[in-house]
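The residues making up each chain are set out below.
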Amino acid sequence: MNAPCTSPADQTPGALAGVRVLDLSRVLAGPWCTQTLADLGADVIKVERPPARGGGHPGGDDTRGWGPPFLKDRDGRDTAEATYYLGTNRNKRSITVDLAHPDGQTLIRRLAPDCDVVVENFKVGDMARYGLDAASLRAIQPRLVYCSITGFGQTGPYRDRAGYDYAIQGLGGLMSVTGERDDMPGGGPQKVGVAVADLFTGMYATVAILAALRHRDATGQGQAIDMALLDCQVAMLANLGASYLVTRQPPRRLGNAHQNIVPYQVFEAADGHMILAVGNDGQFAKFCAVAGRPDLAADARFATNAGRVRHREQLVPIVAGLMRTRIRADWLAALEAAKVPCGPINDLAEVFADPQVRDRGMTTTMPHPLAGVVELVASPIKLAATPPSMRRAPPLLGQQTDEVLAEFGLGADEIAALRAAGAI
């Protein structure tokens, strides 16, 4: 089941209807934040650089070219729209403005006062040089919420460094706890399969913006928000960060095992791998009963989770031997019936074919000017009264430039002059 794609005319007003966001961000962390705001009903105006005159940079968000794969047009040919870009920019309107052009800077200063939120992820100092930083724009409109997203924040010794998710995963400790154990084949640091530092920063930025809007509505005052990938990476270490601060012992890589819970990892069944995720002592006793080894739950070494963690090296080989005696389907059926957490390891074809994923409407089909239709991942947010809406496919570069600028009061002649000057 796909989530319904609603047009602006027939949708229920979203929770953020009436909020206008000027999105100066690109790549992932900023666009992930603004896509979430757009899903919730905000009018997000994505500002992208125009194509370079006489060739050179094709313009737009760099992720438009991060392929293959690219979206196919109606005739099956590659378009210029990479699937990376499609996954982070639905429900937005695209305009082209050259922020390095004086007229482009003047235009942004004209648009910002009629917006509620500005989001940008330029290097520290870039926006100040353009006169588009938080202090400059908030001097024009004190109600403005201005969110800056950088690798390391606006302060500190690393503030001038460029920040990339991969480097942040390493610097911020995530790769020290991700990957197979060093003493195992293939052991060593491993990045997470998706750019989680970017994605978490985007989500934290969304939360911060919503909090700032609540404060603005209560007091009439906007504020600046300083979001850093490294800060968010450190925060998302969660229990592992807390463990280090209490013990001063850095956690080690454990591959697919859990630092604090046993047995909670991937095991090999007779016909492939599956996950066993025993979360408490009662579940362990049920697993032992299903496996035909109730004695393990009575063993003083294994009766409690603390004991199982301490005796991991003794217990895990026993469980591994038991798991290899049955096929995955048998284990999954028996363990699910016994209410023992477990699961398969699906590829993405299996994920999107899964009946639960389909029932929850986790894909949506949207009209697209080049492809006819495009299928995308839908928002996971389920709100009873103001659900997210899938209103617009990710826009073509500059698709709504004239439309948006006219809404801000620019006439056709003024728009033409800006275009002739290369500002848009």
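Scroll up to find the structure.
Note that the structure is predicted; figures quoted are calculated from it, not measured.

Colleague: Teacher, can you tell me more about the sheet that holds strand E11 (residues 272–277) here?
Modeller: The strands that make up a sheet are held in pairs by hydrogen bonds between backbone atoms, and each pair lies either parallel or antiparallel. As summarised here, the arrangement of the three strands in space is E10-E11-E12, forming an open sheet in which the pairing is antiparallel. Where the open sheet ends on each side, the last strands, each with one partner, are strand E10 (264–269) and strand E12 (342–343). In the sheet, E11 pairs with E12 via two bridges, with the strands oriented antiparallel. The residue of E12 that forms the bridge with Ile 275 is Gly 343. Along the sheet, helix H13 (residues 312–323) contacts E10 and E11; its crossing angle with E10, the most-contacted strand, is approximately 40 degrees.

Colleague: Looking at this model, I keep getting lost on the packing of helix H10 (residues 281–291) against helix H14 (residues 328–337). Mind explaining?
Modeller: The relative placement of two packed helices is expressed as an angle between their axes plus a distance between the axes. Remark: H10 packs on H14, axes separated minimally by 10 Å, with the N-to-C direction vectors making an angle of 135 degrees. Viewed along their axes, H10 and H14 adopt a mutual orientation that is oblique. Remark: the crossing between H10 and H14 carries right-handed chirality. Contact residues: H10 offers Phe 287, Val 290 and Ala 291, while H14 offers Trp 331, Ala 334 and Leu 335. Taken together, the residues of the contact of H10 with H14 break down into six nonpolar, no polar and no charged.

Colleague: Explain the packing of helix H1 (residues 29–39) against helix H7 (residues 196–219) here, please?
Modeller: Interhelical geometry of H1 versus H7 gives an angle of 45 degrees and a closest axis separation of 7 Å. Considering the angle they form, H1 stands oblique to H7. Here the hand of the crossing between H1 and H7 comes out right-handed. Residues Ala 29, Trp 32, Cys 33, Thr 36 and Leu 37 of H1 form the contact with H7, whose participating residues are Asp 198, Leu 199, Thr 201, Gly 202, Met 203, Ala 205, Thr 206, Ile 209 and Leu 210.

Colleague: Whenever I open this one, the sheet that holds strand E3 (residues 43–48) confuses me. Can you help?
Modeller: If you walk across this open sheet you meet the six strands as E6-E3-E2-E7-E8-E9, and the pairing is parallel. Single-partner strands in this sheet number two, and they are strand E6 (92–96) and strand E9 (224–228). Within the sheet, the average angular offset between the axes of one strand and its neighbour, ignoring direction, is 20 degrees. The pairing of strand E7 (residues 117–120) with strand E8 (residues 145–150) spans four bridges and is parallel.

Colleague: What is the right way to read the packing of aromatic side chains from this model?
Modeller: To describe a pair of aromatic rings, you give the distance between the ring centres and the angle between the ring planes. Applying the stated rule across the entire model yields three aromatic pairs. Relative to Tyr 158, the ring of Phe 152 lies with its centre 5.6 Å away and its plane at 80 degrees, an arrangement referred to as edge-to-face. Tyr 158 gets classed as partly exposed once you look at its relative accessible area, which sits at 33%. Here Phe 287 and Trp 331 contribute two aromatic rings whose centre-to-centre distance is 6.1 Å and whose plane-to-plane angle is 25 degrees, an arrangement assigned as stacked. Taken together, the positions of Phe 287 in helix H10 and Trp 331 in helix H14 put the pair 44 residues apart, joining distant regions of the chain. The two residues Phe 287 and Trp 331 agree in class, both being buried. Positioned above the aromatic ring of Tyr 158, the side-chain terminus of Arg 161 is 3.7 Å from the ring centre. Taking the ring centre of Tyr 166 as reference, the NZ or CZ of Lys 191 above it sits at 5.7 Å.

Colleague: How should the environment of Val 377 be read in this particular structure?
Modeller: Relative to the helices and strands, Val 377 is located in strand E14 (residues 372–377). Sequence spacing of Val 377 and Leu 229 is 148 residues, and the spatial spacing of their C-alpha atoms is 24 Å. Once residues within four sequence positions are removed from consideration, Val 377 is found in contact with Arg 90, Phe 352, Met 362, Thr 363 and Thr 364.

Colleague: I tried to follow the state of the cysteines on my own but got confused; where do I start?
Modeller: Each disulfide is one covalent bond, formed between the sulfur atoms of two cysteines. For the structure on display, the rule yields zero disulfides. The thiol of Cys 147 is unpaired, and the distance to the nearest cysteine sulfur, on Cys 33, comes to 5.6 Å. Take Cys 342: it sits in no disulfide, and the sulfur closest to it among the cysteines is that of Cys 288, at 14 Å. Among the residues examined, Cys 342 registers a relative accessible area of 21% and is labelled partly exposed.

Colleague: Can you help me understand the pattern of salt bridges in this one?
Modeller: Two side chains of opposite charge can pair, provided their charged atoms sit close to one another. For the structure on display, the rule yields 27 salt bridges. The residue Lys 92 makes a salt bridge to Asp 23 at a minimum N-O spacing of 3.6 Å. Of the two residues, Lys 92 is situated in strand E6 and Asp 23 in strand E2 (residues 20–23); the sequence distance between them amounts to 69 residues. Judged by relative accessible area, Lys 92 falls into the buried class, the value being 0%. Look at Asp 23 and you get buried, because its relative accessible area is 0%. Asp 217 is paired through a salt bridge with Arg 216; the nearest N and O atoms lie 2.9 Å apart. For Asp 217, a relative accessible area of 55% puts it in the exposed group. Residues joined by salt bridges that share partners form a network here, namely Arg 20, Asp 43, Arg 93, Glu 403 and Glu 407.

Colleague: I keep staring at the nonpolar core and nothing clicks. Help me out?
Modeller: Most often, soluble globular proteins keep nonpolar side chains buried together rather than apart. Grouped together as the largest cluster of nonpolar side chains are 28 residues, with contacts concentrated most on Leu 22 and Ile 108. Per element, the largest residue contribution to this core is three residues, and it comes from helix H3 (residues 102–111). Every residue in contact with Leu 22, bar those within four places of it in the chain, is listed here: Ile 45, Val 47, Ile 108, Leu 111, Ala 112, Cys 115, Val 117, Val 118 and Val 119. By size, the runner-up hydrophobic cluster in this structure holds 27 residues, among which are Val 117, Val 119, Ala 212 and Leu 229.

Thresholds, definitions, all that
- Residues numbered from 1 in each chain as written.
- Predicted model: local features only at pLDDT ≥ 70, side-chain atom pairs only at ≥ 80, totals over all residues.
- Heavy atoms only, no water.
- Pairing = 2+ DSSP bridges.
- Helix = DSSP H or I, 4+ residues; strand = E, 2+ residues; numbered from the N terminus.
- Contact = heavy atoms within 4.5 Å.
- Axes fitted to C-alpha atoms, helices over the stretch in contact; angles between N-to-C directions.
- Parallel < 35°, antiparallel > 145°, perpendicular 65-115°, else oblique.
- Left-handed = near helix turned anticlockwise from the far one by under 90°.
- Nonpolar A, V, L, I, M, F, W, Y, C, P; charged D, E, K, R; others polar.
- Phe/Tyr/Trp six-rings, centres within 6.5 Å; stacked < 30°, edge-to-face > 60°.
- Buried < 20%, exposed > 50% of the residue type's maximum accessible area, 1.4 Å probe, protein only.
- Lys NZ or Arg CZ within 6 Å of the ring centre and 35° of its normal.
- Disulfide = S-S within 2.5 Å.
- Salt bridge = Lys/Arg side-chain N within 4 Å of Asp/Glu carboxyl O.
- Core = buried A, V, L, I, M, F, W, Y, C linked by side-chain atoms within 4.5 Å.

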